[in-house]
Amino acid sequence: MILVTGGAGFIGSNFVIDWVAESNEPLINLDKLTYAGNLQNLAEIQDDSRHIFVQGDIGDKKLIAELLEQHKPRAVVNFAAESHVDRSITGPDDFIQTNIVGTFNLLEAVRAYWSALADREKADFRFLHVSTDEVYGSLKPDAPAFTENHPYEPNSPYSASKAASDHLVRAYHHTYGLPVLTTNCSNNYGPYHFPEKLIPLMIVNALAGRPLPVYGDGMQIRDWLFVKDHCSAIRRVLQAGKLGETYNVGGWNEKANIDIVRTVCRLLDEQKPRADGKSYSEQITYVTDRPGHDRRYAIDASKIERELGWKPAETFETGIRKTIDWYLTHGDWVANVQSGSYREWVETNYGNRK
Ligand code: NAD
Ligand code: DAU
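These figures come from a predicted structure and were not determined experimentally.

Engineer: How should the side chain of Asp-18 be read in this particular structure?
Structural biologist: Tracing the backbone shows Asp-18 in helix 1 (residues 10-22). On the basis of relative accessible area, Asp-18 is assigned to the buried category, the value being 10%.

Engineer: How should I be thinking about the site of ligand 1 in this particular structure?
Structural biologist: In the vicinity of ligand 1 there are 28 residues, among which Ile-11, Asp-31, Ser-83, Tyr-158 and Lys-162 approach most closely. In this structure, an oxygen atom belonging to ligand 1 sits 3.4 Å away from a main-chain N or O atom of Leu-33. Residue Phe-79 places a main-chain N or O atom 3.0 Å away from an oxygen atom belonging to ligand 1. Relative to its free-state accessible area of 840 Å², ligand 1 is covered by the protein chains to the extent of 97%.

Engineer: Could you clarify how one ought to interpret unusual backbone geometry in this entry?
Structural biologist: Negative phi characterises most residues that are not glycine, and trans characterises most peptide bonds. Notably, Leu-33 is not glycine yet its phi reads approximately 55°, a positive angle. Mapped onto the elements, Leu-33 comes out in the loop between strand 2 (27-31) and strand 3 (51-55). Of note in this structure, Tyr-192 is not a glycine but carries a positive phi near 65°. Summarising the element assignment, Tyr-192 is placed in the loop between strand 7 (187-189) and helix 7 (198-208).

Engineer: Looking at this structure, I do not really get the sheet that holds strand 6 (residues 180-185). What am I missing?
Structural biologist: Neighbouring strands of a sheet are bound in pairs by backbone hydrogen bonds; such pairs are parallel or else antiparallel. With respect to topology, seven strands assemble into an open sheet ordered 3-2-1-4-5-6-10, the strand pairing being parallel. Edge positions in the sheet fall to strand 3 and strand 10 (246-249), since each has one partner strand and no second. Ignoring which end each strand starts from, the neighbouring axes of this sheet average 20° apart. Strand direction decides the pairing type here: strand 4 (residues 75-78) and strand 5 (residues 126-132), joined by four bridges, are parallel. Its bridge partner being in strand 5, Ala-75 is matched across the sheet by Arg-126. Taken strand by strand, helix 2 (residues 61-71) contacts strand 1 (2-5), strand 2, strand 3 and strand 4, and its axis lies near 175° from that of strand 2. Along the sheet face, helix 6 (residues 157-176) touches strand 5 and strand 6 and points at about 155° away from the line of strand 5.

Engineer: What is the right way to read the site of ligand 2 from this model?
Structural biologist: Close to ligand 2 lie 25 residues, the nearest being Asp-133, Tyr-158, Arg-290, His-293 and Tyr-350. A distance of 2.8 Å is found between an oxygen atom of ligand 2 and a side-chain nitrogen or oxygen belonging to Arg-222. Between an oxygen atom of ligand 2 and a side-chain N or O atom of Tyr-350, the distance comes to 2.6 Å. The protein chains hide 95% of the 690 Å² of surface that ligand 2 would expose on its own. Elements supplying a minimum of two residues to the shell around ligand 2: helix 3 (85-90), helix 7 and strand 8 (212-215). Here the shell around ligand 2 takes three residues from strand 8, the largest share from any one element.

Engineer: Even after reading the chapter, I still don't get the packing of aromatic side chains, so can you show me in this structure?
Structural biologist: The description of an aromatic ring pair rests on the distance of the ring centres and on the angle between the ring planes. With the rule as written, the count across this model stands at 19 aromatic pairs. Members of the aromatic cluster, joined through ring pairs, are Tyr-136, Phe-146, Tyr-152 and Tyr-297. Stacked on the ring of Tyr-215, the Lys or Arg Arg-353 has its end atom at 4.0 Å from the ring centre.

Engineer: What am I meant to see in the packing of helix 9 (residues 257-271) against helix 11 (residues 316-329) here?
Structural biologist: Any two packed helices are characterised by the angle at which their axes cross and by the distance between the axes. Where helix 9 contacts helix 11, the two axes come as close as 11 Å, and the packing angle between them is 55°. Here helix 9 is positioned oblique relative to helix 11, judged by the angle of their axes. The interaxial crossing formed by helix 9 with helix 11 has right-handed handedness. Contacts from Ile-260, Thr-263, Val-264, Leu-267, Leu-268, Glu-270 and Gln-271 of helix 9 reach helix 11 at Phe-316, Ile-320, Arg-321, Ile-324, Asp-325 and Leu-328. Looking at side-chain class alone, the contact of helix 9 with helix 11 contains eight nonpolar, two polar and three charged residues.

Engineer: Looking at this model, I keep getting lost on the sheet that holds strand 9 (residues 221-226). Mind explaining?
Structural biologist: The strand order across the open sheet formed by three strands is 7-9-11, and the pairing between neighbours is mixed. Either end of the sheet is taken by a strand with one partner, and the two such strands are strand 7 and strand 11 (254-256). For this sheet the average axis-to-axis angle between neighbouring strands, irrespective of direction, equals 50°. Most of the contacts of helix 8 (residues 227-240) go to strand 9, to which it runs at about 70°, and overall it touches strand 7 and strand 9.

Engineer: How should the packing of helix 4 (residues 93-115) against helix 6 be read in this particular structure?
Structural biologist: Helix 6 packs onto helix 4 with a crossing angle of 15° between their chain directions and a minimal axis gap of 8 Å. Considering the angle they form, helix 4 stands roughly parallel to helix 6. Crossing geometry of helix 4 relative to helix 6 is assigned as right-handed. Contact residues: helix 4 offers Phe-95, Asn-99, Ile-100, Thr-103, Phe-104, Leu-107, Glu-108, Arg-111 and Trp-114, while helix 6 offers Tyr-158, Ser-161, Lys-162, Ala-164, Ser-165, Leu-168, Val-169, Tyr-172 and Tyr-176. A breakdown of the residues in the contact of helix 4 with helix 6 according to their chemical character gives 11 nonpolar, four polar and three charged.

Rules used in this analysis
Residues numbered from 1 in each chain as written. Chains lettered and ligands numbered in written order. Predicted model: local features only at pLDDT ≥ 70, side-chain atom pairs only at ≥ 80, totals over all residues. Heavy atoms only, no water. Helix = DSSP H or I, 4+ residues; strand = E, 2+ residues; numbered from the N terminus. Buried < 20%, exposed > 50% of the residue type's maximum accessible area, 1.4 Å probe, protein only. Near = heavy atom within 4 Å. Polar contact = N/O pair within 3.5 Å; in protein donor to acceptor, adjacent residues only side chain to side chain. Areas by Shrake-Rupley, 256 points an atom, 1.4 Å probe, with all protein chains shown as cover. Pairing = 2+ DSSP bridges. Axes fitted to C-alpha atoms, helices over the stretch in contact; angles between N-to-C directions. Contact = heavy atoms within 4.5 Å. Phe/Tyr/Trp six-rings, centres within 6.5 Å; stacked < 30°, edge-to-face > 60°. Lys NZ or Arg CZ within 6 Å of the ring centre and 35° of its normal. Parallel < 35°, antiparallel > 145°, perpendicular 65-115°, else oblique. Left-handed = near helix turned anticlockwise from the far one by under 90°. Nonpolar A, V, L, I, M, F, W, Y, C, P; charged D, E, K, R; others polar.

Quick look at the structure:
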């Protein structure tokens, strides 16, 4: 049995679905169901007895302690977080609360449980913390990609809160010997990606005939990884990662935002042409930049490849086609996630941008 947190969000739900498909080991999925958590993401495994869903907060130490005592998991995989940079700029409080205080409370509950385990179970236990490349800050155009030794220089409230959580996880290993592993991954894309993030936002806006808002000059670079590849990397690190180590995860796939948006438009032109015969790229609109916008991220994934033999299965070309197909065939999901609170967020984030 393992305990997964945040398993109703984008990456967590992909991880849970893959876990159930590939393993007989049951899992408890603890998720607060914030705006980003969605049980519809888990519809395909709702009747599978290996998946136990519990609604709750990683900051609720008492609940975590009860779950640990009751189910006695051999590992915890922590996805739960506030994850959107723009929301961390308009309202950082939840980021401090969940990403820092929540991770701290989770670590405390896990430490108490782990300390009381018998020697063998104690040695086999793992706490895997899912983190981001954003903790390393922004790269100059010709600088080498981030290795695990790159200094932490987080620039947004989101990345600063993730950096704080990474430091707590590291300290719990160093001070208490808690058997931790940390992964720092680049930008994911794929099924169940909430349309506040670049790729799904562009897909749903294009199809709805809305503007495609590109921040600043659109030349910021991100390093894209198909979500299922991130999930396979996490499974591999959980299985064979060295205690206390961090592993960068990425797809060697740096692209400028504007190129991503143009690719989305080109594939939609092919697969679902506009009624007027024009390209979706006509909807591209340059808007006011994100404050403090990081210019470039790039992950050096040599360590996980060399030490754990992990490599991504998808190229960007195959992954983005699968993603567009998924959005075109999941109209109900797309419609349901664009609720009243989603529309309020769109107004908050885009309403005042020129
Ligand atoms: P997401 O926002 O889609 O999902 C987050 C999930 O966590 C939601 O289901 C939400 O309900 C849940 N949650 C939030 N606060 C909680 C709390 N206090 N207690 C319990 N559950 C809570 O995020 P995501 O994109 O799936 O990211 C998952 C993790 O991966 C995050 O830690 C994020 O920092 C990290 N990460 C994301 C990316 C990416 O490109 N999306 C890349 C690298 C790392
Ligand atoms: O690098 C990993 C990180 O990737 C994760 O830790 C975060 O949780 C995840 O949200 C993502 O952060 P980004 O800020 O890179 O992702 P986002 O999709 O919000 O933006 C990607 C790029 O696209 C970024 O340079 C900002 C730009 N952008 C984004 C939106 C939403 C636009 O130009 N227009 C937009 O409307």
